[in-house]
Amino acid sequence: MAPAQSNGDAEHHVKIPKIKFTKLFINGDFVDSVSGRTFETVDPSNGEVIARVAEGDKEDVDSAVKAAREAFDHGPWPRLSGAERQKIMLKLADLIEENVDEIAALDALEGGKLFTEGKYVDVPSAVRDFRYYAGTADKIHGTTLKMSRGLQGYTLLEPIGVVGHIIPWNFPAQMFSLKVAPALAAGCTMVVKPAEQTNLSALFYAHLSKLAGVPDGVLNIVTGFGRTAGAAISSHMDIDKVSFTGSTEVGRLIMQAAAASNLKPVSLELGGKSPFIVFDDVDVDQIAGLALAASTFNKGEICVAGSRVFVQEGIYDKFVEKVVEKAKAKVVGDPFDPNVQQGPQVSKTHYERVLSYIEHGKREGATLLAGGKPLDRKGYFIEPTIFADVTDDMIIAKEEIFGPVMCILKFKSVEEVIERANSSKYGLAAGIMTNNLNIANTVSRSVKSGVIWINCYFAFDSDAPFGGYKMSGFDREMGMESLSKYLQVKTIATPVYNSPWL
Ligand code: NAI
Ligand code: MG
């Protein structure tokens with residue numbers, strides 16, 4: 001059976017927006033890059049150019065940092081009361097909510113993401129993040145210290161300064177909010193570099209931030225490439241912290257650049273090869289559906305993809321059969337078509353990378369049961385792909401594919417699956433599917449990863465810290481943990497009455 005396809009001519013219920021913002025956003029204005037250069041941003045559903053975007057480089061990062069530094073050292077933002085910052089952030093959240101269709105459409109157009117997913121998942125979660133962190137802005141407390149030797153003290157939590165945010169292309173609207181919102185709440189100023197594949201929602205957010213009353217220089221956006229604009233951020237002497245989400249390879253470069261420049265702290269959220277573990281006692285049909293989503297949601301371009309699916313031997317055959325049936329029924333096509341369930345991969349380069357992993361899987365002897373090839377049409381579409389009988393030593397079981405590819409592995413015992421789940425350089429997320437409480441508790445405490453989802457997957461929330469163990473990175477985003485990464489602790493001590501210091 002051929003996979004279901006949408007022909008792409010379906011009548012869209014969505015109006016594709018006119019592109020309004022393509023320039024850098026520095027000190028409250030949209031400006032050309034110093035060099036005057038621009039680059040193409042491409043629609044991955046047909047390979048056509050959508051717009052040309054200003055190509056920022058080192059000089060542009062310098063001027064954005066200068067604006068952010070001025071806004072931090074002398075501007076109102078860090079000096080406003082938390083309640084005043086909160087008010088502006090809530091206004092921004094409302095504006096994002098009012099413009100949900102436009103933001104979702106920009107991500108769909110540039111990123112090949114489903115419009116409906118942007119509208120109902122990504123952008124609403126960005127709105128929640130802004131509201132969540134707005135709520136923290138007036139609750140940033142230090143502690144009182146009862147010191148010895150006739151001293152008393154307290155801690156102040158101060159914003160860390162000028163932040164560089166380097167964001168990836170897989171969740172442009174959402175990655176923006178989960179980095180920018182806590183930094184704004186903390187009182188930081190910042191320079192954001194969107195991924196070169198997906199620029200437009202970040203520039204649209206910049207426009208909304210101005211309408212909401214975020215002062216000039218607080219939020220600057222420099223579009224451009226990683227090796228130029230991105231590298232200028234991580235090595236900048238006047239950026240106080242870098243927050244990065246992307247590949248492990250670039251995470252390493254960013255740490256090196258930070259170490260070689262001003263020793264700025266970095267937060268890294270990197271790749272994953274997350275285990276999705278299915279025990280014998282589950283409802284096979286239901287969990288097969290969840291497993292398919294875990295591997296292929298957002299066309300598999302998600303760092304927490306549950307791409308190593310371990311299935312216990314008693315239900316293995318039945319599970320494989322169900323999951324294959326569901327994969328073949330998945331509708332792939334135009335991301336603006338509401339009937340479509342999977343859009344194109346983000347770019348030609350990435351599409352070729354995913355296809356080359358699929359070729360590895362075939363060569364390594366995994367059993368290909370669904371998909372395994374591109375769609376026969378324009379654009380970067382790949383069929384939902386299922387490999388069964390995958391073994392731990394195969395490349396497809398070890399490396400992050402970041403595409404709609406599920407690898408199914410068979411296991412016997414709890415001890416064995418814990419061992420195998422942990423035999424990865426990554427440790428981002430894990431799914432545990434069982435109704436047995438003892439198994440759920442044992443496995444969740446034993447698997448080395450930053451997030452564990454029991455009988456659910458992708459259970460993100462603004463209040464739930466998220467981040468990796470091992471080479472999946474360090475530090476947490478979302479939750480109060482993320483706010484703390486944009487603050488630093490100052491300790492203030494004074495002698496008290498009768499103190500030997502006086
Ligand atoms: P990448 O890590 O190169 O790109 C992510 C961001 O880093 C982009 O904004 C890019 O411009 C920037 N960047 C690139 N080189 C840089 C440098 N030298 N200095 C500073 N910034 C730099 O990721 P890429 O090449 O787009 O994707 C490769 C693989 O990375 C994917 O196949 C996937 O496995 C992984 N990835 C993981 C993501 C996640 O959510 N954890 C997101 C994107 C990619
Ligand atoms: Mg790269």
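Since we're looking at a predicted model, the values are computed, not measured.

Further remarks concern the domain arrangement of the protein. A common way to report how large an interface is uses the accessible area buried once the components associate. Domain parsing of the protein yields domain 1 (24–270 + 474–488) and domain 2 (275–461). The interface is formed by 24 residues belonging to domain 1 together with 27 residues belonging to domain 2. Summed over both partners, the interface of domain 1 with domain 2 comes to about 2,100 Å²; 64% of that surface belongs to carbon and sulfur atoms. The interface formed by domain 1 and domain 2 includes one salt bridge. For glutamate 48, the salt bridge goes to lysine 378, with nearest N and O atoms at 3.2 Å. Put simply, domain 1 and domain 2 have seven residue pairs in polar contact (both at pLDDT 80 or more) between them. Those elements that place two or more of their residues in the side of domain 1 that touches domain 2 are α3 (100–111) and α4 (115–134).

In this section: the sheet that holds strand β5 (residues 144–146). The three strands lie next to each other as β5-β6-β22, forming an open sheet whose pairing is antiparallel. Both edges of this open sheet fall to β5 and β22 (487–495), since each of them pairs with a single strand only. Between one strand axis and the next, the sheet turns by 25° as a mean value, whatever way the strands run. Relative to β22, strand β6 (residues 151–159) runs antiparallel, the two being bridged by nine bridges. Residue tyrosine 154 lies in a different strand from β22, and its bridge partner there is isoleucine 492.

Right, let's get into helix α10 (residues 316–329). Its 14 residues give α10 an end-to-end C-alpha distance of 20 Å, which sits within 8% of 20 Å, the value for a rise of 1.5 Å per residue. Tyr316, Phe319, Val320, Val323, Val324 and Ala327 are the residues of α10 that are buried. Here the buried residues of α10 occupy an arc of 130° about the axis, which is enough to place them on one side. Of the residues in α10, the exposed ones pointing more than 90 degrees away from the buried face are Asp317, Lys318 and Glu321.

What follows is about the pairing of strand β15 (residues 385–388). Residues Thr385 and Phe387 of β15 are buried on one face, and the alternating residues Ile386 and Ala388, pointing to the opposite face, are buried as well. Judged from the three bridges that link them, strand β14 (residues 367–370) and β15 form a sheet pairing that is antiparallel. In the sheet register, threonine 367 faces β15, and the bridge partner there is alanine 388. The sheet contact formed by β15 and strand β16 (residues 405–411) spans three bridges and is parallel. The residue bridging phenylalanine 387 from the neighbouring strand is cysteine 407, located in β16.

Attention now moves to the environment of glycine 289. Counting through the fold element by element, glycine 289 comes out in helix α9 (residues 284–296). Judged by relative accessible area, which is 27%, glycine 289 ranks as partly exposed. With 34 residues separating them in the primary sequence, glycine 289 and valine 323 have C-alpha atoms 6.7 Å apart.

A few words on the packing of aromatic side chains. Aromatic ring pairs are described here by two measures, namely the spacing of the ring centres and the angle between the planes. Summed over the entire model, instances satisfying the criterion amount to 18 aromatic pairs. With centroids separated by 6.0 Å and ring planes inclined at 20°, the aromatic side chains of phenylalanine 115 and phenylalanine 336 adopt a geometry described as stacked. Here phenylalanine 115, found in helix α4, pairs with phenylalanine 336, found in the loop between α10 and α11 (348–364); they are 221 residues apart in sequence, far enough to count as distant. Pairing phenylalanine 276 with tyrosine 457 gives two aromatic rings, centres 5.4 Å apart and planes at 55°, and the pair type is tilted. Taken together, the residues span a long stretch of sequence, with phenylalanine 276 in strand β12 (residues 275–278) and tyrosine 457 in the loop between β19 (451–454) and β20 (469–470) at a distance of 181 residues. The class for tyrosine 457 is buried, based on a relative accessible area of 8%. Of the aromatic side chains, those joined through ring pairs into one cluster are Phe171, Phe276, Phe297, Trp453, Tyr457, Phe458, Phe460 and Phe466.

On to the pairing of β6. With three bridges connecting them, β5 and β6 associate as antiparallel partners. Of the residues in β6, the one forming a bridge with leucine 145 is glycine 153. Between β5 and β6, which follow one another and run antiparallel, lie four residues, and arginine 149 among them has a positive phi close to 55°.

Of note, threonine 296 is situated in helix α9. Residues contacting threonine 296, with those up to four places away along its chain left out, are Lys330, Gln342 and Pro404.

This next bit is on the packing of helix α13 (residues 414–422) against helix α14 (residues 437–446). Packed helix pairs are characterised by how far apart their axes lie and by the angle those axes make with each other. One can describe the packing of α13 onto α14 by two numbers: an axis separation of 10 Å at closest approach and a directional angle of 25°. Accordingly, the angle class assigned to the pair α13 and α14 is roughly parallel. Every pair of crossing elements has a handedness; the one defined by α13 and α14 is right-handed. Side by side, α13 and α14 meet where Val414, Ile418 and Asn422 of the first sit next to Ile439, Thr442, Val443 and Ser446 of the second. When the residues that make up the contact of α13 with α14 are grouped by side-chain class, the tally is four nonpolar, three polar and no charged.

Among the 26 residues in the neighbourhood of ligand 1, the closest are listed as Ile167, Trp169, Glu196, Ser247 and Glu400. One nitrogen or oxygen atom from the side chain of glutamate 196 is found 2.6 Å from an oxygen atom belonging to ligand 1. Protein chains shield 88% of the accessible area of ligand 1, which is 810 Å² for the free molecule. Residue composition of the shell around ligand 1, by class: 14 nonpolar, seven polar and five charged. The two domains that each donate at least three residues to the shell around ligand 1 are domain 1 (24–270 + 474–488) and domain 2 (275–461).

Each value, and the rule that gives it
- Each residue is numbered by its place in its chain's sequence as written, counting from 1.
- Chain labels run from A onward and ligand labels from 1 onward, assigned in the order the entries are written.
- Given that this is a predicted model, residues contribute local features only at a pLDDT of at least 70 and side-chain atom pairs are listed and counted only at 80 or more, while totals for whole chains, interfaces and linings are drawn from all residues.
- Values reported for side chains reflect all heavy atoms of the structure, with hydrogen atoms and water molecules removed beforehand.
- These domain boundaries are the output of an automatic or database domain assignment.
- Should any heavy atoms of two residues lie within 4.5 Å, those residues are counted as being in contact.
- Summed over both partners, buried area is the accessible surface (1.4 Å probe) that two parts give up on being assembled.
- Salt bridge, as applied in this entry: a Lys or Arg side-chain nitrogen positioned within 4 Å of an Asp or Glu carboxyl oxygen.
- Counting of polar contacts relies on pairs of N or O atoms within 3.5 Å, with two restrictions inside protein: one atom must be capable of donating a hydrogen and the other of accepting it, and residues adjacent in sequence are counted only when both atoms are side-chain atoms.
- Secondary structure follows DSSP: runs of H or I at least 4 residues long count as helices, runs of E at least 2 residues long count as strands, and numbering of each begins at the N terminus.
- Strand pairing is defined by DSSP finding a minimum of two bridges between the two strands.
- Every axis in this analysis is a line fitted to C-alpha atoms, fitted for helices over the stretch in contact. Angles between the N-to-C directions lie between 0 and 180 degrees.
- Given a helix with a known number of residues, its expected span is that number minus one, times 1.5 Å.
- Between buried and exposed lies partly exposed: a residue is buried under 20% and exposed over 50% of the maximum accessible area for its type, with that area taken using a 1.4 Å probe on protein chains only.
- Summarising the geometry, the arc corresponds to the directions from the helix axis toward the C-beta atoms.
- Stacked, tilted and edge-to-face are the three classes assigned to paired rings of Phe, Tyr and Trp, where Trp is represented by its six-membered ring and a pair needs centres within 6.5 Å; plane angles under 30 degrees give stacked, over 60 edge-to-face, the rest tilted.
- An angle below 35 degrees is treated as roughly parallel, one above 145 as roughly antiparallel, one from 65 to 115 as roughly perpendicular, and anything else as oblique.
- Note on convention: the crossing is left-handed when the near helix lies turned anticlockwise from the far helix by less than a right angle, right-handed when the turn is clockwise.
- Ten residue types, Ala, Val, Leu, Ile, Met, Phe, Trp, Tyr, Cys and Pro, are classed as nonpolar, four, Asp, Glu, Lys and Arg, as charged, and the remainder, Gly among them, as polar.
- Neighbouring residues are identified by heavy atoms, a residue being near a molecule or strand if any of them is within 4 Å of it.
- In these tables, accessible area is a Shrake-Rupley quantity obtained with a 1.4 Å probe, and a residue counts as shielded only by the protein chains included in the view.

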